[in-house]
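Chain and residue survey
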Amino acid sequence: MLQVTETTERSTSTPATVDSFKDEFLRQLRYEQGVELGTASRDDLFQALARTVRNYMVDNWLTTVETQKAAGSKVVAYLSAEYLMGPQLDNALLSTGLTDVADTALSSLGLSLDDIRATEVEPGLGNGGLGRLAACFIDSLATKNIPAIGYGIRYEYGIFRQTFVDGRQVEQPDSWLSNGTPWEIPHTDQAVEVAFGGHTEQAIDQTGRSVTRWVPGETVLAVPYNYMVPGYGTANVNTLRLWSAKATNAFNLHIFNSGDYESAVRAQTVAENISKVLYPEDSTPQGKELRLKQQYFFVAASIKDFLRTLPEGFDLKKLPERIVFQLNDTHPVIGVPELMRILVDERGLAWEDAWDITRRSFNYTCHTLLPEALEVWSVDLLGRLLPRHLEIIYRINEQFLAGIRATYPGDELRVRRMSIIQEQPERAVRMAFLATVGSTKVNGVAALHSDLLRDKVLDDFSAYWPDKFTNVTNGITPRRFVQLSNPSLANLIDDTIGTGWLNDLERLKELEPYAEDASFRKAFREVKQANKDRFVSLLAQRDGIELSSDALFDVMVKRLHEYKRQMLKLLHVVTIYDRVLKGEIKAADLTPRVVVFGAKAAPGYKMAKEIIFLINSVAKVVNNAPELEGRLRVAFPANYNVTLAEKLIPAADLSEQISLAGKEASGTGNMKFALNGALTIGTLDGANVEIHELVGGENFFLFGMTEPEVQSLSDAGYHPTSFYEGNASLRGAIDLISSGIFSGGDRTAFEFVISDLLYKDRFMVLADYQTYIEAQERVEVAYADQESWSRKAILNVARTGFFTSDRSIQDYLDRIWHAPAFPVTK
Ligand code: 73E
């Protein structure tokens, strides 16, 4: 019997005992893996364990899907080209409440849960923050009992595996599926066709009306792979549906009909390339044809998939009551013309009705401000791949611009500025404009970002539609990034304020008074120390990097991008070294510090790759410099990913969030660090602004220009050389890099980076250098007083409950989605 209740109590479908768990595990090992316990490989054990846990979620999952469907609840469909899920086993154990059962069952078989979990290969189906945000959001949607589905792409190869060869990044393919993954359930029978290419033609339908028909040139099958998304503390289990491309028998209709067998087979490979690999670009789309194909592929499949769940004879005018599509950046925005095409061409609705439905069904989240990050697709390419969609976009634009002309008569400059079609440097579709025009709500991802979006990037649009614009500050799931990654801290919190905070994170406020409690501070420090020890031994084993855990852990992990300013952090390192070499400071007076970098560069981003080489080169020299007496160490473990983040973030004392103000839309790493008791050194950028406000200025190392200051310096004309010339310490650091000391005497090795800094420095590293160094000096002083540092760290934890993704989701619900919760139990 299915029933709906008001409770959100945890309920696993089958109450598991250690014995039943063990039986199921052994059954999996024998009948699914086909091995005996005695001869099972680590991967066999992992696969069997994961499937065992997965099976405990299935009943709740099927119940969730069925009851939501029967009730006709409004569904949130999150459309995202990326989901950076991280390892799944621990999260599944946590949400099913089976961690202890599994541990005991495995121990009784002489196995170790710790060993088995370490073999999991994470699905790296995302580049960075945007993909990880999607993963946090589906976790919170499930936890909050919201009927929701995540739609995306099942890339066969996720984000590349980074290695270093002689200090330079070398990319290796991430074949995460080589052993298969126990977490997915394919549904070949539910595949849908997606078409591309061809041409359009006019036709007369049965009612005698003239209609446009798209006659595609090729079709591809989209095969859905389902992943369960269990909520925490609830029976609700939602779905993540990732599409994989498979050739249809007649992929290319032309070749197929010509009877050229060899070409037809080759064409199949082309079809299946669509979901082959994730584009490794974060923030800088390259306008590649295959990427547009990927976008249309998953969006068309997802819309079709949803529409077929509607009952026979459903009145499409009511569509916005049943679904809300959330566009995770512009990557899925081709869904807007796609829904129009379906409604007008296939379902015969009038254009105006279709437009009303479409606009009310879509909302758009923008994640950037960088002009080069705003996607545009050339009209040529779009017209070749999706000829009907281009026509629809033109008509949407025409109608939109007619409205602009009516509101602003004679203002043709404005019309040109706002047109969805840009003319220069080539005719192209501005996807952010299409998304804005085609959506009910547009949101930025942090308060400052949403303001800048409204007042700068999309100012014409916000003047025209003031109510369209809103903010939803990002968040992170505390299940993964506190409970699972930092169990010692989670236990300490449980012992101090009781349980229940994990899905009510503002309750961390109750920790505030304990900042004044010496014994709590001691316990808190012990947690941090244990996390450092854990990280140090992991790094020794993973990378052969030997570190002392008796040091300030200063961490900067994020994609390598000039605007994030890894160079600024590196200049700080070089400055310390330079001052010691010059005898300005004594190594013995330094606070022992371990600087940890983690960063992947887009394979085609030359500057980012040169910066990686420079960091590795500096690390090599600094780590072996006798003058530093081991008090400054730089560690740059390769292949930073979610798995490593979960061990590194809890070990950090200092969180580096040092982007140029106005460039980082939000950041989410900044939230993870603060919630794990690291203090932030940061600029007033992205969500740092809100972190600073919440934790208080005395618990945050603020430095650097504000966004308006950046703007006025830029307006006045920025000359980095004058900062170099006017600052002896900065000059010392840059000259040391140019001296060849980090490159075996080669003075030209880093010219590409250094000359850019001196003569261009688009992100004003040199302008913020001095205040950054001063802020780092404040860090040193503060860290010397461990009691006071602990007080600040505790207050960071206590005051950042706001950054749970549960709160972000609640904001989306209140401001954008208006989809009621629907708790399910069996
Ligand atoms: O500030 C981050 C933000 O925290 C932003 O740079 C990132 O999104 C995070 C989540 O909101 C982001 N990624 C991309 N754009 N913004 C992006 C663009 C193209 C391809 C892949 C990722």
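- Going by an unreviewed UniProt entry, the protein chain carries the name Alpha-1,4 glucan phosphorylase and comes from Flavimobilis soli.
- Quoted straight from UniProt, the Catalytic activity (unreviewed entry) entry for the protein chain says "[(1->4)-alpha-D-glucosyl](n) + phosphate = [(1->4)-alpha-D-glucosyl](n-1) + alpha-D-glucose 1-phosphate".

**Points about the sheet that holds strand β17 (residues 421-422)**
- With respect to topology, 3 strands assemble into an open sheet ordered β16-β18-β17, the strand pairing being antiparallel. What marks the edges here is a single partner per strand, and that holds for β16 (376-378) and β17.
- In this sheet, strand β18 (residues 428-430) lies alongside β16 in antiparallel orientation, the contact comprising 3 bridges. Looking at β18, one finds that valine 376 is bridged to arginine 430.

**A word on the pattern of salt bridges**
- For the structure shown, the criterion picks out 54 salt bridges.
- Of the charged contacts, one joins arginine 168 and glutamate 610 as a salt bridge, the two residues approaching to 3.2 Å between their closest N and O atoms. One end of the pair, arginine 168, is in strand β7 (residues 168-172); the other, glutamate 610, is in helix α23 (residues 606-623), and 442 residues separate them in sequence.
- For glutamate 610, a relative accessible area of 11% corresponds to the buried category.
- When the shortest N-O distance is used, the salt bridge between arginine 341 and glutamate 338 registers 3.1 Å.

**Considerations on the site of the ligand**
- The local shell around the ligand holds 17 residues, among which His367, Asn474, Glu664, Ser666 and Gly667 are the closest.
- At 2.6 Å from an oxygen atom of the ligand is found a side-chain nitrogen or oxygen belonging to glutamate 664.
- For the ligand, the cavity whose grid points lie within 2 Å of the majority of its atoms is the largest cavity.
- Considering every element that reaches the shell around the ligand, the biggest residue donor is helix α6 (residues 129-143), with 3 residues.
- Split into classes, the residues belonging to the shell around the ligand amount to 5 nonpolar, 7 polar and 5 charged.
- Taken domain by domain, the makeup of the shell around the ligand includes at least three residues from each of domain 2 (74-86 + 124-473 + 811-817) and domain 3 (478-703 + 769-803).

**Concerning the nonpolar core**
- Residues Phe297 and Ile396 are the most contacted members of the largest nonpolar core, which totals 149 residues.
- Not counting the four nearest positions on each side in its chain, isoleucine 396 is found in contact with Val336, Met340, Trp351, Trp355, Ile420, Leu434 and Val437.
- One finds Leu590, Phe742, Trp789 and Leu795 within the second-largest nonpolar core, a separate group that totals 109 residues.

**Description of empty space enclosed by the protein**
- If you walk through the whole model with that rule in mind, you get 9 cavities of 30 Å³ or more.
- Looking at the largest cavity, its volume works out to about 880 Å³.
- Gly128, Gly129, Leu130, Asp282 and Arg559 are the residues nearest the centre of the largest cavity, which is lined by 47 residues in total.
- Counting only elements with at least two residues in the lining of the largest cavity, the list comes to α6, α24 (642-648) and α25 (669-675).

**Observations concerning the UniProt feature "modified residue: N6-(pyridoxal phosphate)lysine" (unreviewed entry) in the protein chain**
- Residues annotated in UniProt with the feature "modified residue: N6-(pyridoxal phosphate)lysine" (unreviewed entry) correspond here to Lys672.
- Position of lysine 672 among the secondary structure elements: in helix α25.
- The buried category is assigned to lysine 672, whose relative accessible area is 8%.
- Excluding its chain neighbours within four sequence positions, the residues that come into contact with lysine 672 are Arg132, Ile476, Phe481 and Ile649.

**What to know about the pairing of strand β14 (residues 323-328)**
- Counting buried positions along β14 yields 6 of 6 residues, so the element is predominantly enclosed.
- Here β14 shows a buried face lined by Ile323, Phe325 and Leu327 and a second buried face lined by Val324, Gln326 and Asn328.
- Pairing analysis gives 4 bridges linking β14 to strand β15 (residues 362-365), with the strands arranged parallel. Along β15, the bridge assignment pairs glutamine 326 with asparagine 363.

**Considering the sheet that holds strand β22 (residues 593-598)**
- If you walk across this open sheet you meet the 6 strands as β23-β22-β21-β24-β25-β26, and the pairing is parallel. Each of the sheet's edge strands pairs with one partner strand only, and the pair in question is β23 (632-635) and β26 (701-702).

**Considering the layout of surface pockets**
- A volume near 1600 Å³ is recorded for the largest pocket.
- Taken together, 46 residues line the largest pocket, and the ones lying closest to its centre are Asp90, Arg117, Ala118, Thr643 and Lys647.
- Here the lining of the largest pocket is built from residues that sort into 14 nonpolar, 14 polar and 18 charged.
- Size it by volume and the second largest pocket reaches roughly 680 Å³.

Rules used in this analysis
Residues numbered from 1 in each chain as written. Predicted model: local features only at pLDDT ≥ 70, side-chain atom pairs only at ≥ 80, totals over all residues. Heavy atoms only, no water. UniProt positions renumbered as here; feature names shortened; annotations may be inferred. Pairing = 2+ DSSP bridges. Helix = DSSP H or I, 4+ residues; strand = E, 2+ residues; numbered from the N terminus. Salt bridge = Lys/Arg side-chain N within 4 Å of Asp/Glu carboxyl O. Buried < 20%, exposed > 50% of the residue type's maximum accessible area, 1.4 Å probe, protein only. Near = heavy atom within 4 Å. Polar contact = N/O pair within 3.5 Å; in protein donor to acceptor, adjacent residues only side chain to side chain. 1 Å grid on protein atoms, 1.4 Å probe; cavity = no way out; pocket = protein on both sides within 12 Å on 5 of 7 lines; lining within 4 Å. Sits in = over half its atoms within 2 Å of the grid points. Nonpolar A, V, L, I, M, F, W, Y, C, P; charged D, E, K, R; others polar. Domains from an automatic or database assignment. Core = buried A, V, L, I, M, F, W, Y, C linked by side-chain atoms within 4.5 Å. Contact = heavy atoms within 4.5 Å. Points joined across faces, edges and corners; volume = space filled by probe spheres on them.

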